[in-house]
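Okay, here's what each chain looks like letter by letter:
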Amino acid sequence: MAISLVITSGKGGVGKSTTAANLGTALALMNRRVCMIDLDIGLRNLDVIMGLSNRIIYDIVDVVMGRAQLHQALVKDKRFDDKLYLLPAAQNSDKNVLTPANVVDIVNQLRPDFDYILLDCPAGIEQGFQNAIAGADGAIVICTPEIPSVSDADRVVGILEQTDMKLAPRLIINRINRQMMNSGDTMDVDEITKHLSIGLLGIVFEDSNVILASNRGVPVVMDPEDNASQGYRNIARRVLGESVPLMTLKEQKPTFFQKLFGRHQHKH
């Protein structure tokens, strides 16, 4: 029976859909069956990040309105055998057409067939947020190391703590700029986790490859060498209950020999 996790933030533009895509992909790479549900009605983009847009026939609103069966609306990602599916959002529907009860019903229908269900939550704390959290056993809160993002995450954590989710919310700090954090120009990881007082699930470094990957429809986590990919893979392992140390924030200085033999090629 699947565990359902909502990926939320309060603030828009902090990387929720990117996190959903990469976490879902990482879990599929680890042999788990995953269904991602895009609940951002009207602005869907999880299918774009996954490179599945041209495969969509039906969406979540078609299912709720009875125009399609749930299994007909699921888009299978052929790169992962039978491991990864997407239930897309509707692009041109009224965003109030879904209710929390609809989402709970869909999640419960999917539970027997999957290990994890990831609910990609729209920005804000209105109806879409209420829909998304209704179907979730637990929440992953995304923020970036900026004060507006952290204060929005704080509001979301406050709301989540009033729900009866089975699992405590956990935090991902996204788009960390190593240099800025090391020089004290952004809030550091400890400050953010203390402020939000929820467990840290992981950190992801700022990485231009994430954007390139999204544009190509290939989640960055599929490149094992990439910096951000490593962050997402570690997060997936922690979701599965492994104990994985946090990636180091200190700038990695090349050693004398690495400089001498040119081993320290920067990927950026």
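Under an unreviewed UniProt entry, the name given to the chain is Septum site-determining protein MinD, and the organism recorded is Agrilactobacillus composti DSM 18527 = JCM 14202. The UniProt entry for the chain carries the following text under Function (unreviewed entry): "ATPase required for the correct placement of the division site. Cell division inhibitors MinC and MinD act in concert to form an inhibitor capable of blocking formation of the polar Z ring septums. Rapidly oscillates between the poles of the cell to destabilize FtsZ filaments that have formed before they mature into polar Z rings."

(A) Seen up close, the overall build of the chain. Along its length, the chain carries 12 helices and 8 strands. By the compact-globule yardstick of 18 Å for 268 residues, the chain fits well, its C-alpha radius of gyration being 19 Å. Reported as C-alpha extents along the three principal axes, the dimensions of the chain are approximately 65 × 40 × 30 Å. Here the chain, with 268 residues, has 50% of them falling under the buried criterion. In the form shown here, the chain has an accessible surface area of approximately 12,800 Å², with 49% of it arising from carbon and sulfur atoms. Of the charged side chains in the chain, 28 are positive and 31 negative, and the gap between their average positions amounts to 6 Å.

(B) How the structure looks around the UniProt feature "binding site: ATP" (unreviewed entry) in the chain. The feature "binding site: ATP" (unreviewed entry), as given by UniProt, occupies Lys 11, Gly 12, Gly 13, Val 14, Gly 15, Lys 16, Ser 17 and Thr 18 in the numbering adopted here. With respect to the element layout, Val 14 can be found in the loop between strand 1 (3-8) and helix 1 (16-29). Overall, Val 14 belongs to the buried group, its relative accessible area being 3%. Those residues in contact with Val 14 that lie beyond four places of it in its chain are Ser 9, Ile 142, Thr 144, Ser 149, Asn 174 and Arg 175. With respect to the secondary-structure elements, Ser 17 resides in helix 1. Accessibility expressed as a relative area gives 13% for Ser 17, which makes it buried.

(C) Up close: the sheet that holds strand 5 (residues 116-120). In space, the 8 strands of this open sheet follow the order 3-4-2-5-1-6-7-8, with mixed pairing throughout. If you trace the sheet from one side to the other, it starts and ends with strand 3 (75-76) and strand 8 (199-205), each paired once. Pairing analysis gives 4 bridges linking strand 6 (residues 138-143) to strand 7 (residues 170-176), with the strands arranged parallel. Bridge assignment links Ile 140 to a residue of strand 7, and that residue is Arg 170. Strand contacts of helix 1: strand 1, strand 2 (34-38), strand 4 (84-87), strand 5, strand 6 and strand 7, with the helix running at about 170° to strand 5, the strand carrying the most contacts.

(D) Representation of the UniProt feature "domain: CobQ/CobB/MinD/ParA nucleotide binding" (unreviewed entry) in the chain within the structure. In this structure's numbering, the residues bearing the UniProt feature "domain: CobQ/CobB/MinD/ParA nucleotide binding" (unreviewed entry) are residues 5-220. Taken as a whole, residues 5-220 contains 38% helix and 19% strand, while its terminal C-alpha atoms sit 21 Å from one another.

(E) Local environment of the pairing of strand 6. Buried residues dominate strand 6, accounting for 6 of its 6 residues. Residues Gly 138, Ile 140 and Ile 142 point to one face of strand 6 and Ala 139, Val 141 and Cys 143 to the other, with burial holding for every one of them. Across 4 bridges, the pairing between strand 1 and strand 6 is parallel. Paired with Thr 8 across the strands is Val 141, a residue of strand 6.

The rules we used
Residues numbered from 1 in each chain as written. Predicted model: local features only at pLDDT ≥ 70, side-chain atom pairs only at ≥ 80, totals over all residues. Heavy atoms only, no water. UniProt positions renumbered as here; feature names shortened; annotations may be inferred. Helix = DSSP H or I, 4+ residues; strand = E, 2+ residues; numbered from the N terminus. Rg over C-alpha atoms; globule rule 2.2 N^0.38 Å. Buried < 20%, exposed > 50% of the residue type's maximum accessible area, 1.4 Å probe, protein only. Areas by Shrake-Rupley, 256 points an atom, 1.4 Å probe, with all protein chains shown as cover. Lys, Arg positive; Asp, Glu negative; His and termini not counted. Charge placed at Lys NZ, Arg CZ, Asp CG, Glu CD. Contact = heavy atoms within 4.5 Å. Pairing = 2+ DSSP bridges. Axes fitted to C-alpha atoms, helices over the stretch in contact; angles between N-to-C directions.

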